[in-house]
Amino acid sequence: MAGEHTCFDGPVRERELSWDRSPWHEECGIFGIYAPGKDVARLAYYGLFALQHRGQESAGIAVADGRHIAVHKGMGLVAEVFNQDNLRALKGSVAIGHVRYSTTGASSLVNAQPLVFRYLRGMVAIAHNGNLTNANRLRRELGARGSIFQSSTDSEVIVNLIARYSQEPIEAALRRCQDELEGAYSLVVMTEEKLIGVRDPFGVRPLCLGKMGEAWVLASESCALDTVGAAFCRDIEPGEIVVIDSQGVHSIQGRRAPHSAHCIFEYVYFARPDSILDGETVNLVRRELGRNLAREYQVAADVVIPVPDSGIAAAAGYAEAAGLPFIEGLMKNRYVGRTFIQPTQEMRDLGVRLKLNPIKSILKDKRVIIIDDSIVRGTTSRRIVEMLRQAGVREVHLLVASPPVLHPCYYGIDTSARGELIAARYSLEDIRRHVGADSLYYLSLEGLFRSVTRGAENFCAACFSGRYPIPIPSTEEASKYSLEG
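How each quantity is defined
- Residues numbered from 1 in each chain as written.
- Predicted model: local features only at pLDDT ≥ 70, side-chain atom pairs only at ≥ 80, totals over all residues.
- Heavy atoms only, no water.
- 1 Å grid on protein atoms, 1.4 Å probe; cavity = no way out; pocket = protein on both sides within 12 Å on 5 of 7 lines; lining within 4 Å.
- Points joined across faces, edges and corners; volume = space filled by probe spheres on them.
- Helix = DSSP H or I, 4+ residues; strand = E, 2+ residues; numbered from the N terminus.
- Nonpolar A, V, L, I, M, F, W, Y, C, P; charged D, E, K, R; others polar.
- Salt bridge = Lys/Arg side-chain N within 4 Å of Asp/Glu carboxyl O.
- Buried < 20%, exposed > 50% of the residue type's maximum accessible area, 1.4 Å probe, protein only.
- Pairing = 2+ DSSP bridges.
- Axes fitted to C-alpha atoms, helices over the stretch in contact; angles between N-to-C directions.
- Contact = heavy atoms within 4.5 Å.
- Parallel < 35°, antiparallel > 145°, perpendicular 65-115°, else oblique.
- Left-handed = near helix turned anticlockwise from the far one by under 90°.
- Phe/Tyr/Trp six-rings, centres within 6.5 Å; stacked < 30°, edge-to-face > 60°.
- Lys NZ or Arg CZ within 6 Å of the ring centre and 35° of its normal.
- Core = buried A, V, L, I, M, F, W, Y, C linked by side-chain atoms within 4.5 Å.
- Disulfide = S-S within 2.5 Å.

S.K.: Tell me what's going on with the layout of surface pockets, and back it up with residues and numbers.
M.R.: Taken as a whole, the second largest pocket encloses approximately 330 Å³ of empty space. Around the second largest pocket, the lining comprises 15 residues; the ones closest to its centre are V116, F117, Q150, E156 and V159. Elements represented by at least two residues in the lining of the second largest pocket include exactly β5 (115-119) and α5 (155-164). Here the element with the most residues in the lining of the second largest pocket is β5; it accounts for five residues. Looking at the lining of the second largest pocket residue by residue, the classes come out as nine nonpolar, three polar and three charged.

Structural data, given as structure tokens:
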């Protein structure tokens, strides 16, 4: 059966499947703008708002005025970190910004970005999206040569490498860094006068370029360009270094891998549906995921509903291909904060109800297909199925618009332990019983790749297939907190 995975090692015990974490944690969002004469801090602020879905732990903006770099950052959402006063204090013509979810290092202010430092050639600020797979080794080597580290984030390794090559211009130093860095990284780097974008040789994490009059913008996703009124120009190529200064935009093709390996989970879940990543419109890809799911599994049902918000496009595609009505059967409360306090199991169970509420009058006595983007640990899926049962739904068929997540990601997503992944430990039937659905189906890997226009060889799907395009670290070094010691 397409999409089925069997890896059963005994009966499922409730305690083993009672993880209570969000299914996926986004990695980070980065933004940069070169716009002499404009309020670059406020534009960066709006750009980070558009990228808030990529990280909710901390936010920061650094601004350069030609002589100095000032920075303001803090823990929390963009709207919590910034106000009129601290934005007004950030004056300059170049800015970079960052929203973070910690995939390496603890969630703390010292790890918040942008990182700003002084070195031989002046001041530099850096914001990083992704994970370095050789961060531990590089940090040991740099430490043995006298480097000092103040944070536990792998981004500071890049800072120290830049300082190592400080005899050379910043562009050349970054090119030298590419020869030593392994893993996933999209960077925005700023000197007192320049804005620079860098993408790793495989192009795992996204980065694009936009133009707004005479101003230039770099962003993780094109939705941030739209927000600030910039026109999308193009994606930064894998291995490319883009330099923006008073002379315009200059491109340096640095180290490039034999093929690209764009993260396919950006299209499944991470990216905003109105973004364009590496030539693919995210919303269209998600609709095609749903259509291919319908081609693989025709289920007798009355209606199709999505798990909002990331399942909406796939559910619409499934309903269209299956010839079934699409309805919004679960309403999402968009005002529930990310840090809702859940002190007891009873309160944790109520947490899902605070965010999602079924519309009983249109679901009662129906056979319902519910479409989700993925199942990672199974906890949220189980609670949603329980809510639907309590709303009077006659049958619940859970269909997933991606293959089973069988392997951890080492390139900037917080799933570093295979034992946390429900599909890696249990069979399809055992997962179905755990979540309480009448049936459970996953999209096949082939169906996933049929949903994008570029060939499968251009994507990283290691979380599904176990085929890692970049060497991965040891189990000990893969820990999120491996740089804390």
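S.K.: Requested: an account of the environment of A172, with residues and values cited.
M.R.: As for its position among the elements, A172 is in helix α6 (residues 170-180). For A172 and I162, which are ten residues apart along the polypeptide, the C-alpha to C-alpha distance reads 9.4 Å.

S.K.: An account of the pattern of salt bridges is requested, with residue identities and associated values reported.
M.R.: Under the counting rule described, the total for this entry stands at 25 salt bridges. For E168, the salt bridge identified is with R176, shortest N-O distance 2.4 Å. Its salt-bridge partner being R433, residue D430 comes within 2.3 Å of it at the nearest N-O pair. Remark: R433 and D430 occur in helix α15 (residues 428-435); sequence separation between them is three residues, near one turn of the helix. By relative accessible area, which is 49% here, R433 ends up partly exposed. Each of R54, R205, E221 and E266 takes part in salt bridges that share partners, so that together they form one network.

S.K.: An account of the sheet that holds strand β7 (residues 186-190) is requested, with residue identities and associated values reported.
M.R.: Ordered in space as β5-β6-β7-β8-β12-β13, the six strands form an open sheet in which the pairing is antiparallel. Both edges of this open sheet fall to β5 and β13 (248-253), since each of them pairs with a single strand only. On average, adjacent strands in this sheet sit at an angle of 20 degrees to one another, irrespective of strand direction. Examined bridge by bridge, β5 and strand β6 (residues 122-129) share five bridges and lie antiparallel to one another. Of the residues in β6, the one forming a bridge with V116 is A125. Contacts from α5 reach β5, β6 and β7, with the element oriented near 20 degrees to β5.

S.K.: If you had to explain the sheet that holds strand β9 (residues 208-212) to someone new, which residues and values would you point to?
M.R.: Spatially, seven strands are ordered β3-β2-β4-β1-β10-β9-β11 in an open sheet, and the strand pairing comes out antiparallel. A strand with exactly one partner marks an edge of an open sheet, and here the two such strands are β3 (69-75) and β11 (231-235). Pairs of neighbouring strands in the sheet enclose a mean axial angle of 15 degrees, with direction left out of account. Of the strand pairs in this sheet, strand β1 (residues 28-34) and strand β10 (residues 215-219) are connected by four bridges, and their pairing is antiparallel. Across the sheet, F31 pairs through a bridge with A219, a residue of β10. Most of the contacts of helix α1 (residues 40-50) go to strand β2 (residues 58-64), to which it runs at about 150 degrees, and overall it touches β1, β2, β4 (94-100) and β9.

S.K.: Go over the packing of helix α4 (residues 135-144) against α5, please, and point to the residues and values.
M.R.: With their axes 10 Å apart at the nearest point, α4 and α5 run at an angle of 45 degrees to one another. The orientation of α4 with respect to α5, classified from their angle, is oblique. Pair α4 / α5 crosses with left-handed handedness. Seen from α4, the contacting residues are A135, L138, R139 and L142; seen from α5, they are V157, N160, L161 and R164. Across the contact of α4 with α5, the residue classes tally to five nonpolar, one polar and two charged.

S.K.: How would you summarise the packing of aromatic side chains if you had to cite specific residues and measurements?
M.R.: Under the criterion given, the structure shown has eleven aromatic pairs. Centre to centre, the rings of Y45 and F49 are 5.1 Å apart; their planes meet at 85 degrees, and the pair counts as edge-to-face. With Y45 and F49 both in helix α1 and four residues apart, this pair spans about one turn of that helix. Look at Y45 and you get buried, because its relative accessible area is 14%. Between the aromatic rings of Y411 and Y468, the centroid separation amounts to 6.3 Å while the plane-to-plane angle is 80 degrees, which identifies the pairing as edge-to-face. Linking Y411 in the loop between β21 (395-400) and α14 (422-425) with Y468 in the segment after α17 (462-465), this pair joins segments that are 57 residues apart in sequence. Taken together, the ring pairs in this structure connect Y45, Y46, F49 and F82 into an aromatic cluster. When the ring centre of W216 is taken as reference, the NZ or CZ atom of K211 above it lies at 4.9 Å.

S.K.: Run through the nonpolar core, naming residues and quoting values.
M.R.: In terms of nonpolar packing, the biggest core is built from 54 residues, with F265, Y318, I369, I371, L399 and F464 touching the most fellow members. Looking at this core, the elements with two or more residues in it are α8 (265-270), α9 (282-296), α10 (312-322), β20 (367-372), α16 (445-450), β23 (459-460) and α17. By size, the runner-up hydrophobic cluster in this structure holds 31 residues, among which are I33, A44, L51 and V81.

S.K.: Before we move on, could you go through the state of the cysteines and cite the residues and values that matter?
M.R.: Working definition: the covalent bond between the sulfur atoms of two cysteines is a disulfide. Taken as a whole and judged by the stated rule, the model has zero disulfides. Cysteine C208 remains unbridged, with the sulfur of C223 as its closest cysteine sulfur at 8.3 Å. Taking the relative accessible area as the measure of exposure, C208 reaches 1% and is therefore buried. C409 provides the cysteine sulfur closest to C263, a residue in no disulfide bond, and the two sulfurs are 6.1 Å apart. Here C263 falls in the buried class, since its relative accessible area comes to 7%.

S.K.: Which residues make up unusual backbone geometry, and what values go with them?
M.R.: Backbone torsion omega between Q113 and P114 reads 5 degrees, so that peptide bond is classified as cis. Along the chain, P114 falls in the loop between β4 and β5. At D365, a position not held by glycine, the phi torsion is positive, near 70 degrees. Its location among the elements puts D365 in the loop between α12 (360-363) and β20. When its relative accessible area of 46% is taken as the criterion, D365 is described as partly exposed.

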